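Commentary on secondary and tertiary structure
Letter by letter, the chains look like this.
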Amino acid sequence: MASKQKSNRSRTPQSAEFLKFISENWADQPSTDIAQWEVASYAAKRRAKLAKQFKGKVLVIEAGGTKTRSNDTEYRYRPHTAFHYLTGWGTATVPDSVLVIDATGKSATETLYFRPTAGRDSDEFFANPMIGEFWVGRRPNLAEVESQLGLKTKDLAKLEKFLKKTGKHLTLADQKLSEAVSTMRFVKDEYEIAQMRKAVSVTISGFGDVVRSLPAASRKPRGERVVETAFFARARTEGYDLGYETIAASGPNACTLHWTRNDGDVRAGDLILVDAGVELDSLYTADVTRTIPVNGKFTEAQRKVYEAVLEAADAAFAIAKPGIKFREIHNAAMQVIARKVHEFGLIPVTPEEALDPERQHHRRYMVHGTSHHLGLDVHDCAQARRELYQDGILEPGMIFTIEPGLYFHKDDLLVPQELRGIGVRIEDDVLVTETGVENLSAALPRTVAAIESWYQEQLLGSAG
Ligand code: GLY
Ligand code: MN
Ligand code: MN
């Protein structure tokens, strides 16, 4: 059936005369820049570190293929995070590539297998819409990639034979290997920190676009889409993509934690919660949230909720430093959240009672966590063991979010009318330094006053 459908669609002529005609008279391809990429030396160190942990083993790390959206239509390609981390190849990765680290010998050998450019004398380049260069663009040759990445390359066609000869090997489906690569990524190297600064910086520009889109968004049906796409334009023009689906949640939609439908109206007088991050070509992503009044001015009730969340965030910032446990950041924020919801009359126990692990009444108003690691994946290092994640000790070079929130649903009968339908989250990206943390997203306003004046500046066109 599938092949019949394919042939139904195919319009490529098959005559011998056509095949001869299309395979001749092509100029040589100009060679691309083959200087070694900056990431190459960092990726080499990461591979060496991994090989040391798996002495005597063969590691097969797949980039993965394209994912089908429907029928013969594919999603935008993104190589597997572990593959990218260990090769540095990023968005240029040829789908289905495989990194092999052979740690069985005295010193490990590393080989990158991929499907190199096919000659114009094959019919692949014009007749194969999935990988043909007429269809999807030029593929590099083995020598180009070898010098860009500083990594030995071989034709993917040779991989099967190698694996047959080798026999047993580990892949990312083996928990030990995926756990090891996830754990290595907790502490970012210099290259990664520079990329994260850039991802955050482009994301901050995207939030400027978001604010400037608000007047137009409030005049159109489904204004949340106007806001979402304002950010997306920045992500695609200055980065590769979004790091995750943007949340553009106006009014009570902000209480739906993963509101990515973004089909609501944007109304003056409401807040809009925007959670968005640009993923760069290097595939590092930011993850930032700001909650902004649609008309530029917080109401008293909105300000009260906003400032409670800000105080929780500040409490988390205040304790974050090397040597503490990751989970303590969340605990610091929860102390403030419990106290605030008690002050607002929303829990039937004292803050101390609520903070008892067996009780936790305050979590009705903030069910998510306060922090997660961030990097190549928005929820980075996710395969690492719990004792190294939640119970892990902060070290310089770690990057994570601080993102408390309060969400008062419009149908929550415990909440007074004036607070119903208000949802606030403030999310920043922080880097652990030798003495504390640096807020990488500090250039984005966080206080009520700073957000109100930022709004005015953006709409007067005085900042970009
Ligand atoms: N944007 C997803 C998160 O904040 O974790
Ligand atoms: Mn987050
Ligand atoms: Mn987020």
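It should be emphasised that the depicted structure is a prediction, and the values quoted were computed from it without experimental measurement.

Rules of the game
Residues numbered from 1 in each chain as written. Chains lettered and ligands numbered in written order. Predicted model: local features only at pLDDT ≥ 70, side-chain atom pairs only at ≥ 80, totals over all residues. Heavy atoms only, no water. Helix = DSSP H or I, 4+ residues; strand = E, 2+ residues; numbered from the N terminus. Buried < 20%, exposed > 50% of the residue type's maximum accessible area, 1.4 Å probe, protein only. Polar contact = N/O pair within 3.5 Å; in protein donor to acceptor, adjacent residues only side chain to side chain. Salt bridge = Lys/Arg side-chain N within 4 Å of Asp/Glu carboxyl O. Core = buried A, V, L, I, M, F, W, Y, C linked by side-chain atoms within 4.5 Å. Pairing = 2+ DSSP bridges. Axes fitted to C-alpha atoms, helices over the stretch in contact; angles between N-to-C directions. Contact = heavy atoms within 4.5 Å.

Turning our attention to the environment of Asp 33. Summarising the element assignment, Asp 33 is placed in the loop between helix 2 (16-22) and helix 3 (39-53). On the basis of relative accessible area, Asp 33 is assigned to the exposed category, the value being 60%. Separated by 114 residues in sequence, Asp 33 and Ser 147 place their C-alpha atoms 9.5 Å apart. A distance of 3.1 Å separates a polar side-chain atom of Asp 33 from the backbone nitrogen of Ala 35.

Attention shifts here to the pattern of salt bridges. Overall, the coordinates contain 35 salt bridges when judged by the stated rule. For Arg 425, the salt bridge identified is with Asp 275, shortest N-O distance 2.9 Å. Of the two residues, Arg 425 sits in strand 15 (residues 422-425) while Asp 275 sits in strand 10 (residues 271-276), which places them 150 residues apart along the sequence. For Glu 311, the salt bridge identified is with Lys 340, shortest N-O distance 3.4 Å. Placement of Glu 311 in helix 12 (residues 300-319) and of Lys 340 in helix 13 (residues 326-343) is noted, with a sequence separation of 29 residues between them. With relative accessibility at 31%, the residue Glu 311 sits in the partly exposed group. The class of Lys 340 is buried, set by a relative accessible area of 13%. By sharing partners, the salt bridges in this structure join Arg 78, Arg 185, Lys 188, Glu 279, Asp 377 and Asp 380 into a single network.

Formed by 124 residues in total, the largest nonpolar core has its most connected members in Leu 50, Ile 61, Leu 406 and Phe 408. It is helix 10 (residues 190-219) that contributes the most residues to this core, 12 residues altogether. Counting residues in each nonpolar core, the second largest holds nine residues, with Val 98, Val 100, Leu 159 and Leu 163 among its members.

Now for the sheet that holds strand 10. Pairing is antiparallel in the open sheet, where three strands are placed in the order 9-10-12. Single-partner strands in this sheet number two, and they are strand 9 (247-250) and strand 12 (288-293). Ignoring strand direction, the axes of neighbouring strands in this sheet form an average angle of 10°. Pairing of strand 10 with strand 12 involves six bridges; the strand directions are antiparallel. Residue pairing in the sheet places Val 274 in a bridge with Arg 290 of strand 12. Together, strand 10 and strand 12 form the strand contacts of helix 10, whose direction differs from that of strand 12 by roughly 25°.

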